[in-house]
Amino acid sequence: MERAGIAWKSVLGGGLLALTTLLMLGVPVAAAGIANGASAPSVATASPSVSVGIAPATSEGNEWTEYMQNIQHTSNQYVPEDLNLTSAKHLTMLWNYSTGDDVVSEPTVLDNHIFFGSWNGYEYSLDANNGTFRWKTYTGASICAIGGHSTGVTSTAVLENGDVYFGGGGEYWEALSQANGSVLWQIYTGNNSSGMPGGGHYNWASAVPYKGYIYTGIASQCDNPLVQGQVIKINPKTEKVVARFNVTSLKNIGGGIWSSPAIDPTTGDLFVGTGNIGGVGPNTTYDDSIIELNSTSLKMISHFQVPYSQRVADGDFGASVTLFPSDTGTPLVADADKNGIFYVLDQNNLHAGPVWEYPIASTKTYSSAAYHGGTLYVGSATTNISGVPYTGSLRAFNATTGAILWQDGLPGQVFGPIVYVGGLLIAAPGHYLDVFKATTGKLLWSYDANDTFFGYPSVANGRIYEGNNNGYLYAFGLPLNATATASPRVGPAPLSVHFAVVPYGGAQSYRDRWSFGDGTFSSSPKPTHVYSVVGNYTATVTVTDQNGATYAISFTITVTTPPERRETES
């Protein structure tokens with residue numbers, strides 16, 4: 001598949017260069033929105049409406065209820081529904097919703113309700129089928145001391161027990177009601193005053209849920225000032241922090257937790273990457289490290305620290321760790337550092353250093369890896385492949401050995417995690433949202449949003465959701481389709497015909513309308529109709545989705561003359 005008007009062997013353009021420069025400083029990017037020339041998407045934007053109270057949702061297998069889909073952060077949707085290698089080329093935008101500011105948190109989905117945050121400071125909930133508004137709750141905003149950029153909600157929500165857990169845009173971790181967005185409780189995480197001593201806190205991190213607790217990290221807004229990096233354990237029932245791990249001392253502040261911890265469900269051990277302590281210098285405390293903690297006590301078990309020879313200024317593990325087994329069952333942990341190196345370590349022996357490592361980027365990179373069936377899929381920033389420079393890349397590695405299975409240069413930096421679903425990979429290089437064949441890296445489908453996908457994709461119920469710096473949350477899926485039956489189609493009058501239609505794709509909910517060809521109609525999905533008059537009839541069912549798209553299927557019904565009845569002699 002070719003991209004219209006894009007040079008694959010591209011170098012950093014002005015817009016992306018500016019974005020990357022700010023991120024190198026730890027500075028979020030101001031919203032682009034329509035003000036920066038991004039045109040509105042072609043699909044009609046869902047209109048806000050009055051908030052409605054809906055019963056708390058319950059989990060299903062094809063949902064996406066936390067950051068990177070599960071506590072190991074494999075970023076793997078195991079229930080693809082109709083999204084596969086054959087159908088991917090038919091993907092289309094189902095709906096979009098504008099918040100007016102950057103949407104960078106990964107959308108989470110439960111019972112066809114979607115939850116996400118915007119840099120305008122609000123957490124939102126929409127109907128995931130059609131993008132109609134359910135509720136929004138303001139959680140505050142933080143200002144970066146470098147450039148004055150404002151950021152609201154970046155943290156991805158965890159959906160559990162009818163609640164929404166996430167880091168707000170201000171100074172609190174929040175628990176909201178899934179039903180109506182009401183604030184259930186707040187936990188203070190730190191002063192977010194810009195550039196002030198003791199200030200600078202911001203809730204970048206997303207949480208991981210485990211055995212009734214919520215685990216998340218503490219970091220600074222843009223390193224001015226640095227704050228003491230921490231992992232905290234929250235008991236949602238008591239609404240308190242019950243354990244805390246300090247990455248550094250108060251004397252050597254820093255070591256922020258920028259992304260989400262992951263947990264090995266077999267051992268219960270927690271793994272997370274940490275940030276810098278302010279420049280290049282002798283290794284100290286647990287900064288710029290992958291650390292392993294006991295999830296009960298948050299006591300240190302082990303850690304791997306980036307060697308001094310590989311340290312860079314502002315060196316962080318800005319991506320999340322991914323946990324997975326080797327071919328022989330050895331538990332491994334992988335993460336990309338902003339030094340451009342992707343590390344894979346033995347969970348049981350972090351101190352031994354990498355099992356393998358690979359320089360995936362020549363500039364600072366942030367994308368988290370997906371894992372499926374012995375393969376790691378890794379996105380990156382600027383890189384070089386076979387002597388050719390690219391602004392981004394997607395690579396497939398043998399997860400055990402580090403051997404490259406394939407690698408593609410991309411026309412933009414990949415910021416968010418890679419997602420695996422149904423033999424497909426989803427990645428967002430620059431202003432494109434792309435779908436690839438997982439075994440070869442072949443591009444199958446692409447959407448150009450004309451602005452950067454700094455946000456993170458998720459997949460639920462056969463649909464792809466992702467936010468963009470233009471302020472829109474997008475939903476992509478298969479176009480409206482349907483299967484229908486009619487039985488019998490031939491027979492003597494009076495002929496009783498049983499009809500049925502099953503719509504899929506498109507934007508739910510659906511409306512069915514049957515025209516039986518004799519001037520009668522039905523709106524039932526499974527009508528039965530009796531034809532009394534001999535003749536040929538065209539019965540048509542038309543399915544209409546929430547966005548007004550239609551799909552029609554027709555049948556020919558032949559009604560014959562009934563056989564003559566013979567009288568028998570008495």
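See the structure above.
Residues numbered from 1 in each chain as written. Predicted model: local features only at pLDDT ≥ 70, side-chain atom pairs only at ≥ 80, totals over all residues. Heavy atoms only, no water.

Participant: Can you help me understand the overall build of the chain in this one?
Facilitator: If you tally the helices and strands in the chain, you get one helix and 46 strands. Within the span of the chain, comprising 570 residues, buried residues form 60% of the whole. Surface exposure of the chain reaches about 21200 Å², of which carbon and sulfur atoms provide 52%. (Helix = DSSP H or I, 4+ residues; strand = E, 2+ residues; numbered from the N terminus. Buried < 20%, exposed > 50% of the residue type's maximum accessible area, 1.4 Å probe, protein only. Areas by Shrake-Rupley, 256 points an atom, 1.4 Å probe, with all protein chains shown as cover.)

Participant: Looking at this model, I keep getting lost on the pairing of strand 38 (residues 472-477). Mind explaining?
Facilitator: Every other side chain in a regular strand lies on the same face of the sheet, so the side chains alternate between the two faces. Buried residues dominate strand 38, accounting for six of its six residues. Side chains of strand 38 alternate between two faces, with Tyr472, Tyr474 and Phe476 and Leu473, Ala475 and Gly477 buried alike. Relative to strand 38, strand 2 (residues 92-98) runs antiparallel, the two being bridged by six bridges. Paired with Met93 across the strands is Phe476, a residue of strand 38. Pairing of strand 37 (residues 463-467) with strand 38 involves four bridges; the strand directions are antiparallel. (Pairing = 2+ DSSP bridges.)

Participant: Sorry, what's going on with the state of the cysteines here?
Facilitator: In a disulfide, the sulfur atoms of two cysteines are covalently bonded to one another. Applying the stated criterion across every chain, the model contains one disulfide. Between Cys144 and Cys222 runs a disulfide, and the two sulfur atoms are separated by 2.0 Å. Between Cys144 and Cys222, the S-S torsion sits near 115°, and that sign places the bridge as right-handed. Taken as a pair, Cys144 in the loop between strand 7 (142-143) and strand 8 (150-151) and Cys222 in the loop between strand 15 (213-220) and strand 16 (230-235) lie far apart in primary sequence, 78 residues in all. (Disulfide = S-S within 2.5 Å.)

Participant: What exactly am I supposed to notice about the side chain of Ser522 here?
Facilitator: With respect to the helices, strands and loops of the structure, Ser522 is situated in strand 43 (residues 521-522). For Ser522, a relative accessible area of 18% corresponds to the buried category. Only 3.1 Å separates the side chain of Ser522 from the backbone nitrogen of Ser524, close enough to count as a polar contact. (Polar contact = N/O pair within 3.5 Å; in protein donor to acceptor, adjacent residues only side chain to side chain.)

Participant: In this structure, what is going on with the pairing of strand 17 (residues 240-246)? I would like to understand it.
Facilitator: Relative to strand 17, strand 16 runs antiparallel, the two being bridged by six bridges. Looking at the pairing, Gln230 lines up with Asn246 of strand 17.

Participant: Is there a simple way to explain the nonpolar core in this structure?
Facilitator: Note on soluble globular proteins: their nonpolar side chains tend to be buried together. In terms of nonpolar packing, the biggest core is built from 38 residues, with Trp95 and Ile464 touching the most fellow members. Of all the elements, strand 38 adds the most residues to this core, at five residues. Once residues lying within four places of it in the same chain are set aside, the contact partners of Ile464 are Leu83, Leu91, Ile426, Leu433, Val435, Ser458, Val459, Tyr474, Ala475 and Phe476. Counting 20 residues, the second largest nonpolar core, distinct from the first, contains Val501, Trp514, Tyr531 and Ile557. (Core = buried A, V, L, I, M, F, W, Y, C linked by side-chain atoms within 4.5 Å. Contact = heavy atoms within 4.5 Å.)

Participant: Could you clarify how one ought to interpret the pattern of salt bridges in this entry?
Facilitator: Pairing of side chains with opposite charge becomes possible as their charged atoms draw close. Overall, the coordinates contain five salt bridges when judged by the stated rule. The partner of Arg311 in a salt bridge is Asp288, and the shortest N-O contact between them spans 3.0 Å. Of this pair, Arg311 sits in the loop between strand 21 (300-305) and strand 22 (322-325) while Asp288 sits in the loop between strand 19 (269-273) and strand 20 (289-294), placing them 23 residues apart in sequence. Among the salt bridges present, the one from Lys338 reaches Asp314, with a minimum N-O distance of 2.9 Å. Here the residue Lys338 occupies a position in the loop between strand 23 (331-336) and strand 24 (341-346), and Asp314 occupies one in the loop between strand 21 and strand 22, the gap between them amounting to 24 residues. Accessibility assignment for this pair places Lys338 and Asp314 in one class, buried. Within the structure, one salt-bridge network assembled from shared partners comprises Asp314, Asp316, Lys338 and Lys364. (Salt bridge = Lys/Arg side-chain N within 4 Å of Asp/Glu carboxyl O.)

Participant: Help me out: how do you make sense of the sheet that holds strand 25 (residues 356-359) in this one?
Facilitator: Either a parallel or an antiparallel arrangement is found when strands of a sheet pair, and the pairing is made through backbone hydrogen bonds. Reading across from one edge, 22-23-24-25 is the order of the four strands in this open sheet, with antiparallel pairing throughout. Looking at the sheet topology across the chains shown, the edges are occupied by strand 22 and strand 25. Neighbour-to-neighbour, the strand axes of this sheet turn through a mean angle of 20°, independent of strand direction. (Axes fitted to C-alpha atoms, helices over the stretch in contact; angles between N-to-C directions.)

Participant: Sorry, what's going on with the sheet that holds strand 6 (residues 133-138) here?
Facilitator: Strand order in the open sheet made by the four strands is 3-4-5-6, with antiparallel pairing throughout. The strands lining the two open edges of the sheet, one partner per strand, are strand 3 (108-110) and strand 6. The mean inter-strand angle of the sheet, taken between neighbouring strand axes irrespective of direction, is 15°. With five bridges joining them, strand 5 (residues 122-127) and strand 6 adopt antiparallel strand pairing. In the sheet register, Tyr124 faces strand 6, and the bridge partner there is Lys136.

Participant: Looking at this structure, how should I read the environment of Val414?
Facilitator: Looking at the element boundaries, Val414 is found in the loop between strand 31 (404-410) and strand 32 (419-421). Linking Val414 and Gly379, residues 35 residues apart in sequence, is a C-alpha distance of 5.6 Å. Look past the residues within four positions of Val414 in its chain and what remains in contact with it is Ser367, Gly379, Ser380, Ser393, Ala428 and Pro429.

Participant: Help me understand the environment of Glu160 in this model?
Facilitator: Residue position: Glu160 is located in strand 9 (residues 158-160). The class of Glu160 is partly exposed, set by a relative accessible area of 28%. C-alpha separation for the pair Glu160 and Gln178, spaced 18 residues apart in sequence, amounts to 9.0 Å. With sequence-adjacent residues up to four places away left out, Glu160 is seen in contact with Tyr165, Gln178, Pro209 and Ile214.

Participant: Before we go on, may I ask you to explain the packing of aromatic side chains in this structure?
Facilitator: Two descriptors summarise a pair of aromatic rings, namely the distance from one centre to the other and the angle between the planes of the rings. The tally for this structure, following the rule as stated, stands at 34 aromatic pairs. Aromatic pair Trp119 and Phe454: ring centres 6.1 Å apart, planes at 75°, arrangement edge-to-face. Of this pair, Trp119 sits in the loop between strand 4 (113-117) and strand 5 while Phe454 is found in the loop between strand 35 (443-448) and strand 36 (458-460), placing the two residues 335 residues apart along the sequence. As far as burial versus exposure is concerned, Trp119 and Phe454 are alike and both buried. Consider the rings of Phe499 and Trp514, whose centres lie 4.9 Å apart with planes at 50°: the pair is tilted. Of this pair, Phe499 sits in strand 41 (residues 495-504) while Trp514 sits in strand 42 (residues 511-515), and the two are 15 residues apart along the sequence. By relative accessible area, which is 3% here, Phe499 ends up buried. Trp514 gets classed as buried once you look at its relative accessible area, which sits at 0%. (Phe/Tyr/Trp six-rings, centres within 6.5 Å; stacked < 30°, edge-to-face > 60°.)

Participant: How do you make sense of the side chain of Asp287 when you look at a structure like this?
Facilitator: Looking at where Asp287 falls in the secondary structure, it is placed in the loop between strand 19 and strand 20. Judged by its relative accessible area of 0%, Asp287 falls in the buried class. For Asp287, the side chain forms a polar contact with the side chain of Arg311, separated by 2.5 Å. In contact with Asp287, not counting residues within four places along its chain, are Val247, Gly255, Thr274, Gly275, Asn276, Ile277, Gln305 and Arg311.

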